[in-house]
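# Structural description and commentary
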Amino acid sequence: MQSSKLRQVVSSGGTWQLTFAILSLIAGALSISSNAITALVSVALGIFALLSALAARKYEDMGSSTHLADSLKYEKIYFIIAVVYYVLILLAVAFFAILYRDAVNLWWASFIEAVNR
Amino acid sequence: MFINNSLLDDDQNNDTGAFTANTMSQYEKLAYWVKFYSIIGFIFLGLGVLALLGLLFAASALPENNPISRYMVGITVGTAVALGFFTWYISLLWGYGKALQEFADSRDEKHLEAAMDKRKVFFITTIVLTALSILFTISAASQVIR
């Protein structure tokens, strides 16, 4: 594949990533008063998606591997933030399930009873 | 088809912007985190399926003439549709991570093209979901103000 075509393939989706970054920043700004943690995560995701999209655009223009590596690095940070956020949610779910284990046991017993019926 | 070795030169010499050792290492790390993210998505999907089963049993336990049963059926069908969509979304993400990993392992262009296609669809879907969440926030805020 030619270098220019390769650049297009690699940086494809950069425009969509940029659109997502702007929307994510708007969503974060709108929900800051109602849900601060989700808003901060949304803003952080938006910032790193923006950095990744801008680096991808530079890569498409100039073809330097440094910009490509930067774009991939920022996209990796984007996914790390998302992973940490959802792992924390899972831990919170597990924490409340342990805290209210009597209610969970009751739900489970009625669930099993319904299955047997 | 394997990419030309001239495109795999080191960072200093003949920087074509293609796949240097540094960028290939970044692809590998990105693939790891994308796959990890999709595994968490599958765990959430499992929790969603449990919730759906709970709804199904709750709906079936209600008597037919109960006015709530109509809403329960609606909620159950809505949850099933949402879970179906979520399954497709998470599978797309898993496919993106897998294609990236295959590219990092083999340096075969076709895996990179597959990965970029999936990445594009992933971001377009995420844009739609984010736009919907913005609309929801605005509509909820307008209800509160009213």
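Because the structure is a prediction, the values reported are computed rather than measured.

Take the overall build of chain B next. Secondary structure summary: chain B contains 3 helices and 0 strands in total. Along chain B, from the amino end to the carboxyl end, the secondary structure elements read α-α-α. Per-residue burial over chain B gives 20% buried out of 146 residues. Across chain B, every contact between residues at least 6 apart in sequence was considered, and the portion connecting residues at least 24 apart equals 57%.

For the rest of this paragraph, the subject is the interface of chain B and chain A. Each partner contributes to the interface: chain B provides 37 residues, whereas chain A provides 37 residues. Taken together, the elements giving at least two residues each to the side of chain B that touches chain A come down to helix H1 (21–61) and helix H3 (109–145) of chain B. Classifying every residue of the side of chain B that touches chain A gives 19 nonpolar, 11 polar and 7 charged.

A few words on the environment of Leu30 of chain A. With respect to the secondary-structure elements, Leu30 of chain A resides in helix H2 (residues 14–30). Take Leu30 of chain A: there are 17 C-beta atoms within 10 Å of it, and that puts it in the partly exposed class. For the pair Leu30 of chain A and Ala92 of chain A, spaced 62 residues apart in sequence, the C-alpha to C-alpha distance is 24 Å. Excluding anything up to four places from it in sequence, Leu30 of chain A contacts Ile134 and Thr137 of chain B.

What follows covers the nonpolar core. One finds Val34 and Leu100 of chain B to be the most contacted residues of the largest nonpolar core, which totals 37 residues. Apart from the residues within four sequence positions on either side, Leu100 of chain B is in contact with Tyr27, Leu30, Ala31, Val34 and Ala115 of chain B.

We now examine H2 of chain A. A rise of 1.5 Å per residue sets the reference length of H2 of chain A, with its 17 residues, at 24 Å; its end C-alpha atoms lie 24 Å apart and thus fit the reference within 8%. Along H2 of chain A, the residues that are buried comprise Gly14, Trp16, Gln17, Phe20, Ala21, Leu23, Ser24, Ala27 and Gly28 of chain A.

With that settled, consider the packing of H2 of chain A against H3 of chain B. Relative orientation and spacing of two packed helices are given, respectively, by the angle between their axes and the distance between those axes. In contact at an axis separation of 9 Å, H2 of chain A and H3 of chain B are set at 25 degrees when each is read in the N-to-C sense. The angle between H2 of chain A and H3 of chain B falls in the class roughly parallel. Our pair here, H2 of chain A against H3 of chain B, has a crossing hand that is left-handed. Contact residues: H2 of chain A offers Trp16, Gln17, Thr19, Phe20, Leu23, Ser24, Ile26, Ala27 and Leu30 of chain A, while H3 of chain B offers Lys120, Phe123, Ile124, Thr126, Ile127, Thr130, Ala131, Ser133, Ile134 and Thr137 of chain B. Here the contact of H2 of chain A with H3 of chain B is composed, by residue class, of 11 nonpolar, 7 polar and 1 charged.

Reading the values: rules and limits
- Residues numbered from 1 in each chain as written.
- Chains lettered and ligands numbered in written order.
- Predicted model: local features only at pLDDT ≥ 70, side-chain atom pairs only at ≥ 80, totals over all residues.
- Helix = DSSP H or I, 4+ residues; strand = E, 2+ residues; numbered from the N terminus.
- Buried ≥ 20, exposed ≤ 12 C-beta atoms within 10 Å, placed from the backbone.
- Contact = placed C-beta atoms within 7 Å.
- Nonpolar A, V, L, I, M, F, W, Y, C, P; charged D, E, K, R; others polar.
- Core = buried A, V, L, I, M, F, W, Y, C linked by C-beta atoms within 7 Å.
- Expected span 1.5 Å × (residues − 1).
- Axes fitted to C-alpha atoms, helices over the stretch in contact; angles between N-to-C directions.
- Parallel < 35°, antiparallel > 145°, perpendicular 65-115°, else oblique.
- Left-handed = near helix turned anticlockwise from the far one by under 90°.

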